[in-house]
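The residues making up each chain are set out below.
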Protein chains: 2
Amino acid sequence: MFQIKGCVSSKMALIVAKFGGTSVASPERIKGVADRLIKIREQGDQVVAVVSAMGKTTDELMGLAAAVNDDPPARELDRLLSTGEQVSMTLLALALEAKGYQSISYTGRQAGIETNGTHNKAKIVKVHNERIERALDAGYIPVVAGFQGIDANGDMTTLGRGGSDTTAVAVAWGIGADICEIYSDVDGVYTTDPRIAPRAHKLASISYDEMLELSSAGSGVLQMRAVEFAKKWGVIIHARSAFSDAPGTLVKEESPMEQAVITGIAHDTSEMKVTIRNVPDTTGVAARVFTALADNMVNMDMIIQNTSRDGATDISFTCPEADLSRAVEAIERVLPEIGAEGWDVDEDVAKISLVGTGMKSSPGVSALAFRTMSENDINILAISTSPIRLSMVIEAAEAQRAVQVLHTAFDLDSDSVFEETQLSAEEIADKMKKGR
Amino acid sequence: MFQIKGCVSSKMALIVAKFGGTSVASPERIKGVADRLIKIREQGDQVVAVVSAMGKTTDELMGLAAAVNDDPPARELDRLLSTGEQVSMTLLALALEAKGYQSISYTGRQAGIETNGTHNKAKIVKVHNERIERALDAGYIPVVAGFQGIDANGDMTTLGRGGSDTTAVAVAWGIGADICEIYSDVDGVYTTDPRIAPRAHKLASISYDEMLELSSAGSGVLQMRAVEFAKKWGVIIHARSAFSDAPGTLVKEESPMEQAVITGIAHDTSEMKVTIRNVPDTTGVAARVFTALADNMVNMDMIIQNTSRDGATDISFTCPEADLSRAVEAIERVLPEIGAEGWDVDEDVAKISLVGTGMKSSPGVSALAFRTMSENDINILAISTSPIRLSMVIEAAEAQRAVQVLHTAFDLDSDSVFEETQLSAEEIADKMKKGR
């Protein structure tokens, strides 16, 4: 990517290459990762590897901790979890040495990843990359443990689920890398989930904001915090497959020339809809409900308040299913105070999100989306929007069909993985006219 | 052990309790270890735990390293292996916290275990136990990772197989503990292997020297270096079961009052006998053979040179089977030089060792041993002795029977686990007279 074939004096690139748990799940795969790093070196580029723990190691360690302690103290838990990456980093360094390349592995502490003291989901506050830079200068391939850092007290911290992506971006920023390659079992960012819409195609590039909206709307390709970090510090991410050489998707600042109206469609079935029935429609009641929920750390997503009837109304909201017990506890506490009739939970809902930077300047998007749903008899339970996202909550049973019809309606269907078929604003306006 | 029942002002003891891989092999067993530590605390004593890695973790990590690198650099390997104890120490601390006891875990680095730089089998050179002592003073149960230390460069080192026993003894010495309890799946030191001689019985105590001889002769209860360390610094070891409350065996300085002639019988089938045939019986030939073997790091145990016949002789020696390839390489190299006919290997040999401090002052031991073997038609292939040990190499097929008849001949048989039936020197002399 950074080398012009046949050009001897091509510029040497500095690359951070991050490999997830699946890519280092076995000694054979670790050797494969070593081969890939060597290939980068043989192209004349410099490379720093960042690794996650092997396969399901982190889950297994969490399971062991839970088996001895229902509520493990965060500090000891972080120390336990950080061993997973120490194993994979050492094995990768050993594999590189076996293939004749000097390598040295660094823990989060040694790699200079300084975080705040919030154990289990620490935030990176500083990166001291002197050791990595010295190792590069000395001809080594440095291998850095992802997911871990060290706080001001010298205690080991971990960055939360998917934190290795964040480590990779932080290291890339720290050493001024040209690109941060994130290798996983997914070969890039698609217009939507190809398992649901077989004609989904891979995007050559996507903007940070679009990627963030897709991630928050349920697309699991990259960790959100890594993308936020990359956006903040201008690190270009290349999300690509660990098992093929095909190019993946670049995540970078959008160029004004390439704004598609709809870049992708995400779906998320991990939310539930909670309805509180017959709430007296008086001032402050909704506020009390939502304050109680917020106090219980329930991440409310959408809120729907029906039209009042006989001085009472139904209040619904959506939140992650994982928040169920905390939500129930809050509602039970507030129910007698507000005099509501009762509540029920519907876990069989899905959220479908259309994402695209061009949406800002294309008011026809929601109209086309709603008409498509209506024509296909898919009932919309709730709607929320951001400048570059339109989300609709529907019955879970309709999720797959909804993604497919929207993907077709917005002309995202493609026979070729890289065909750029996204509609322009004019084309959407045109489509709406014809439909009338 | 250190508390007089019903006595309120009993002296508080300071105990180091070490648990091997089997004792911490699962979350359930780790909780059991936590219960045992709590019991010690509730008795009014102070306790520091030392743990090995869970179950077969170290072997699994070695396997992973071997799968990516045939000859892994020792420094990276040590870092890899040291993660095993970091997992078990954290889980034990978590289990203690879950049961309402403050606990804190320390790596070898944090526990102040300073070693030399010989990776994979480092030797402890210094112990800085300030952090452990502070934690004890603050009411914590400190948990220390066994098997690992840190060298003068700040690199992680490991102490070699069974090194956690050595860590426990070193910590016990460093903090001035009253006793070092070593818990394992073996409930103490027996007069011989109870699987071979069902009437073997457990020893209430054994001297350091006897324990060292038994260990080197094949008894696997305690790691030899741990016993050497304990002897050097006068640390009393209590080898006992992790799965029962029964007392085990104390390893300590012998008292002049309790010298048994034979304390125990060890057997070892991991040796082989190598014979070099028709070696010219000229000066310096044997020296050349044994120098070549020593250069190849072959640990020769016994050497047997047959009577010369026609100016040639057979030279046999025994060594661990693990040294086979190095031994063969050395012999093949030296064979043409010395003009010997050839060589063969007999792996089906066993070494039976009688051990006892009282042997020094009891010349009848070898006579009784040889007569017992002869009466039972067991052929002795080679003999070696130390002041407190008599070893005989025999055919492996005879090993079990040899142990049994010797165990009976020296009156070690017992129906009770703790019966002290060992013969005195007078009784042995008496027995020999009657036998004539």
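Conventions we followed
Residues numbered from 1 in each chain as written. Chains lettered and ligands numbered in written order. Predicted model: local features only at pLDDT ≥ 70, side-chain atom pairs only at ≥ 80, totals over all residues. Pairing = 2+ DSSP bridges. Helix = DSSP H or I, 4+ residues; strand = E, 2+ residues; numbered from the N terminus. Axes fitted to C-alpha atoms, helices over the stretch in contact; angles between N-to-C directions. Contact = placed C-beta atoms within 7 Å. Domains from an automatic or database assignment. Parallel < 35°, antiparallel > 145°, perpendicular 65-115°, else oblique. Left-handed = near helix turned anticlockwise from the far one by under 90°. Nonpolar A, V, L, I, M, F, W, Y, C, P; charged D, E, K, R; others polar. Expected span 1.5 Å × (residues − 1). Buried ≥ 20, exposed ≤ 12 C-beta atoms within 10 Å, placed from the backbone. Arc of directions from axis to C-beta. Least-squares fit on C-alpha atoms with pLDDT ≥ 70 in both.

**Student:** Explain the sheet that holds strand β13 (residues 264–268) of chain A to me, please; I cannot follow it from the model alone.
**Tutor:** Sheet strands associate in pairs through backbone hydrogen bonding, adopting either a parallel or an antiparallel arrangement. Residue and element names in this part refer to chain A. Read from one edge of the open sheet, four strands run β13-β18-β20-β19, paired in antiparallel fashion. The strands lining the two open edges of the sheet, one partner per strand, are β13 and β19 (382–386). Across the sheet, the mean angle from the axis of one strand to that of its neighbour is 20 degrees, orientation sign disregarded. Note that β19 and strand β20 (residues 389–395) share five bridges and pair antiparallel. Bridging from a neighbouring strand, I383 pairs with M392 of β20. Set on the sheet, helix α6 (residues 208–216) makes contact with β13, β18 (349–355), β19 and β20; between it and β18 the angle comes to about 175 degrees. Contacting β18 and β20, helix α10 (residues 364–375) runs over the sheet at an angle of about 15 degrees to β20.

**Student:** Looking at this model, I keep getting lost on the domain arrangement of chain A. Mind explaining?
**Tutor:** Put simply, an interface is often sized by how much accessible area is lost when its parts join up. Annotation of chain A at the domain level lists domain 1 (14–185) and domain 2 (255–436). Look at where the C-alpha atoms of domain 1 of chain A and domain 2 of chain A centre, and you get two points 37 Å apart.

**Student:** What am I meant to see in the packing of helix α1 (residues 27–42) of chain B against helix α3 (residues 74–98) of chain B here?
**Tutor:** Two packed helices can be described by the angle between their axes and the distance between those axes. Residue and element names in this part refer to chain B. Where α1 meets α3, the closest approach of the two axes is 9 Å, and the angle between their N-to-C directions is 60 degrees. As summarised for this structure, α1 and α3 are arranged oblique, according to the angle between their axes. Viewed along their axes, α1 and α3 form a crossing whose handedness is right-handed. For the pair α1 and α3, contact is made by P27, I30, K31, V33, A34 and L37 and by L91, L92, A95 and L96, respectively. Tallied by class, the residues present in the contact of α1 with α3 amount to nine nonpolar, no polar and one charged.

**Student:** Is there a simple way to think about helix α10 (residues 364–375) of chain B in this case?
**Tutor:** Because the α-helix completes a turn every 3.6 residues, residues three or four places apart line up on one side. All names here are of chain B. With twelve residues, α10 should cover 16 Å at 1.5 Å per step; its first-to-last C-alpha distance of 16 Å lies within 8% of that length. Within the sequence span of α10, burial applies to G364, V365, L368, A369 and M373. Along α10, the residues classed as buried sweep out an arc of 165 degrees about the axis, all on the same side. Of the exposed residues in α10, those oriented more than 90 degrees away from the buried face are S374 and E375. Within two residues after α10, D377 carries a phi angle of roughly 55 degrees, on the positive side.

**Student:** Sorry, what's going on with helix α8 (residues 285–295) of chain B here?
**Tutor:** Residue and element names in this part refer to chain B. All of the buried residues along α8 are V285, V289, A292 and L293. Down the axis of α8, the buried set is contained in an arc of 100 degrees. They therefore lie on one face. The exposed residues of α8 that point more than 90 degrees off its buried face are A287, A294 and D295. Positive phi appears at M297, one or two residues downstream of α8, with a value of about 60 degrees.

**Student:** Please explain the relation of the copies chain B and chain A as it appears in this structure.
**Tutor:** Turning one copy of the chain about an axis and sliding it along that axis gives the other copy, so a rotation and a shift relate them. Its rotation angle being 179 degrees, the transformation that places chain B on chain A also includes 0.1 Å of axial translation and leaves an RMSD of 0.1 Å. The two molecules are tied by a two-fold rotation axis, judged by turn and shift. Taking C-alpha positions as the reference, the residue of chain B nearest the rotation axis is B:T83, at 2.8 Å. In this assembly, 100% of the residues forming the interface of chain B have copies in chain A that are likewise at the interface, indicating an isologous arrangement.

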